[in-house]
Amino acid sequence: MRIARDLPTLRAEVARLGRLALVPTMGALHEGHLSLLAAARREGEAVAASIFVNPLQFGPQEDFARYPRDEAGDLAKLERAGCDLVWMPSVEVMYPPGRATTIEVGGPAEGWEGEARPGHFRGVATVCAKLFLQTGAAVAVFGEKDWQQLQVIRRMVTDLDLPVRIVGCPTVREADGLALSSRNRFLSAEERARAPALHAVLRRVAGELAAGALVEAALAAARTDLAAQGFAVDYLALVAPETLRPAATLPGRLIAAARLGSVRLLDNIAAP
Ligand code: PAF
């Protein structure tokens, strides 16, 4: 497994490896990321992963400084997963002095996380466009756990004619349903015990909607239920899967963000 930390090294490795399937990450790798690596491997190209904690996608009050970092652990996991190339730029390499260009996606980026975290998707879109251009990846693999992010990236790739195919992969969960996330490690034992309720409530709502319940009534009851279990609910909504616009009928995607203590949990499921 080769490691590139600057652009000349990256370009030399890309020239050597040929077509790449890229897994963009911010490190602190878990089984969810490893499932993306496995999906990248199935694409039949050489496999690359990027590790870059992207300051541009964190707001001033957010957890950039405390975002978990574990370079040695991550590299060992990537090596075991059969990764061919790791792209690990510093902030200075990714964002040269005087940088003045960002990518602003409208449409699916506009509500939900876009509203709760102003500038977040500008940062995500900018770094992903750069990662695609830097690596020339033929395929890039993302988790469905960040459903809105996946739609924002698809929109950007279509709108800018970027020559990369985006592959989405199902969310990997703990046995009790909690979606894997690098931030789960910040849950206290008591919060960790309560956290799976978010997924359980989404599943329950999906079942109720499939059985004909009124959308707004089912969503309102679910929000109340989560609040009663100690979650501070940012949103819980039924949306059109690609545009993320609020939906009044099935099929759709149920998306939710809720805080437990200092940890903001995101989850989503299909509502067929
Ligand atoms: O999902 C993530 O880990 C990040 O948002 C991504 C896609 C690597 C961009 O920094």
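Look up a bit, the structure's there.
Residues numbered from 1 in each chain as written. Predicted model: local features only at pLDDT ≥ 70, side-chain atom pairs only at ≥ 80, totals over all residues. Heavy atoms only, no water.

K.L.:
Can you break down the site of the ligand residue by residue, with the values?
P.N.:
Around the ligand, the neighbouring residues are Pro24, Thr25, Met26, Gln57, Val127, Cys128, Phe142, Asp146 and Gln149. Between an oxygen atom of the ligand and a side-chain N or O atom of glutamine 57, the distance comes to 2.6 Å. At a separation of 2.7 Å, an oxygen atom of the ligand approaches a polar side-chain atom of glutamine 149. For the shell around the ligand, the elements supplying multiple residues, two or more each, are strand 2 (20–25) and helix 6 (120–135). Along the lines of polarity and charge, the residues of the shell around the ligand split into five nonpolar, three polar and one charged. (Near = heavy atom within 4 Å. Polar contact = N/O pair within 3.5 Å; in protein donor to acceptor, adjacent residues only side chain to side chain. Helix = DSSP H or I, 4+ residues; strand = E, 2+ residues; numbered from the N terminus. Nonpolar A, V, L, I, M, F, W, Y, C, P; charged D, E, K, R; others polar.)

K.L.:
Go over the packing of helix 9 (residues 197–210) against helix 10 (residues 215–228) with me, naming the residues and quoting the values.
P.N.:
In contact at an axis separation of 10 Å, helix 9 and helix 10 are set at 160° when each is read in the N-to-C sense. By the angle between their directions, the pair helix 9 and helix 10 is classed as roughly antiparallel. Considering the relative orientation of helix 9 and helix 10, their crossing is right-handed. Across the interface between the two elements, Ala197, Leu198, Val201, Arg204, Val205, Glu208 and Leu209 of helix 9 pack against Val215, Ala218, Leu219, Ala221, Ala222, Asp225 and Leu226 of helix 10. Here the residues of the contact of helix 9 with helix 10 are counted per class, giving 11 nonpolar, no polar and three charged. (Axes fitted to C-alpha atoms, helices over the stretch in contact; angles between N-to-C directions. Parallel < 35°, antiparallel > 145°, perpendicular 65-115°, else oblique. Left-handed = near helix turned anticlockwise from the far one by under 90°. Contact = heavy atoms within 4.5 Å.)

K.L.:
Could you give an account of the nonpolar core, naming the residues involved and the relevant values?
P.N.:
Formed by 33 residues in total, the largest nonpolar core has its most connected members in Cys128, Phe132, Phe142, Ile153, Met156 and Ile166. With residues near it in sequence (within four places) discarded, isoleucine 166 still touches Phe132, Ala140, Phe142, Leu150, Ile153, Arg154 and Val157. (Core = buried A, V, L, I, M, F, W, Y, C linked by side-chain atoms within 4.5 Å. Buried < 20%, exposed > 50% of the residue type's maximum accessible area, 1.4 Å probe, protein only.)

K.L.:
How would you sum up the sheet that holds strand 6 (residues 165–169)? Please name residues and give values.
P.N.:
Pairing is parallel in the open sheet, where six strands are placed in the order 1-4-3-2-5-6. Each edge of the open sheet is held by one strand with a lone partner, namely strand 1 (2–4) and strand 6. Here the average twist between neighbouring strands, direction ignored, is 25°. Both strand 2 and strand 5 (residues 139–143) contribute to a ladder of two bridges, which runs parallel. Across the sheet, leucine 22 pairs through a bridge with alanine 140, a residue of strand 5. On the sheet, helix 6 packs against strand 2, strand 3 (46–51), strand 4 (85–87), strand 5 and strand 6 and is oriented at approximately 150° with respect to strand 2. (Pairing = 2+ DSSP bridges.)

K.L.:
Can you explain the environment of aspartate 6? Please cite residues and give values.
P.N.:
Note that aspartate 6 resides in the loop between strand 1 and helix 1 (7–17). With relative accessibility at 32%, the residue aspartate 6 sits in the partly exposed group. Separated by 226 residues in the primary sequence, aspartate 6 and alanine 232 have C-alpha atoms spaced 42 Å apart. Leave out the neighbours within four places in its chain, and aspartate 6 touches Trp87 and Val93. Within the structure, the side chain of aspartate 6 is placed 2.6 Å from the side chain of threonine 9, a separation counted as a polar contact.

K.L.:
Describe the pairing of strand 3, listing the residues and the values that go with them.
P.N.:
Successive side chains on a regular strand alternate, one facing one side of the sheet and the next facing the other. Summarising burial for strand 3: six of the six residues are buried, a large majority. On strand 3, burial covers both faces: Ala46, Ala48 and Ser50 on one face and Val47, Ala49 and Ile51 on the other are all buried. By the bridge criterion, six bridges tie strand 2 to strand 3 in an arrangement that is parallel. By the bridge assignment for strand 3, leucine 22 is matched with alanine 48. In terms of handedness, the path from strand 2 via helix 2 (residues 31–42) over to strand 3 forms a crossover that is right-handed. In this structure, strand 3 lies alongside strand 4, joined through three bridges in parallel fashion. Looking at strand 4, one finds that alanine 49 is bridged to valine 86. Between strand 3 and its parallel partner strand 4, the chain crosses via helix 3 (residues 71–80), and the hand of that crossover is right-handed. (Right-handed = clockwise from strand over helix to strand, strands pointing away.)

Without other data, these values stay purely geometric and don't point to any function.
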